[in-house]
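# Structural characterization, general
For reference, the chains in residue letters:
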Amino acid sequence: MDNNDWLKQLLMVGVGTTSVVAQKLREVSDEWVKEGKINPEQAKGFVDDMMQQITSEQGNFQGNMERQLRNMLQDLGVPRQSEVDELRGRIDRLERQLRDLENKLWR
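Before going into details, it helps to say that this report is about the structure given with it. Since we're looking at a predicted model, the values are computed, not measured. (Residues numbered from 1 in each chain as written. Predicted model: local features only at pLDDT ≥ 70, side-chain atom pairs only at ≥ 80, totals over all residues. Heavy atoms only, no water.)

Assigned secondary structure in the protein consists of three helices and zero strands. Sequence-ordered secondary structure for the protein, helices as α and strands as β, is α-α-α. Split into buried and exposed, the 107 residues of the protein put 12% on the buried side. In the protein, 56% of the contacts between residues at least 6 apart in sequence involve partners at least 24 apart. Summed over its atoms, the accessible surface of the protein is roughly 9,100 Å², and 54% of this surface lies on carbon and sulfur atoms. (Helix = DSSP H or I, 4+ residues; strand = E, 2+ residues; numbered from the N terminus. Buried < 20%, exposed > 50% of the residue type's maximum accessible area, 1.4 Å probe, protein only. Contact = heavy atoms within 4.5 Å. Areas by Shrake-Rupley, 256 points an atom, 1.4 Å probe, with all protein chains shown as cover.)

Below, the structure is given as structure tokens:
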């Protein structure tokens, strides 16, 4: 499985969890409004504040997960894409040089 796919799936689980949390927050705030504990504006503010905090924490979570995944892959010796691209370029240059030398020998 591609590492990006794994990370996307993990993030999708987070998005799904966030949706469930948002629904529960709305239910709780609606219940508080019915009970007269808070007014509708306070309920909206409460839900908005909580969702903003969750969204912010998700961004931190995503960044931390990406960093940990990069570190884990590095510890396992998996090369970065830039390293693979660099090696491909070096191989291409060496193959070209070899062909040039072979062509010179045949002349």
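A separate point is a positive patch on the surface. Taken together, R90, R93, R96 and R99 make up a surface patch of like positive charges. Relative to the helices and strands, R93 resides in helix α3 (residues 81-106). (Patch = residues over 30% accessible without salt bridge, like charges linked within 9 Å, V, L, I, M, F, W, Y side chains within 5 Å. Salt bridge = Lys/Arg side-chain N within 4 Å of Asp/Glu carboxyl O. Lys, Arg positive; Asp, Glu negative; His and termini not counted. Charge placed at Lys NZ, Arg CZ, Asp CG, Glu CD.)

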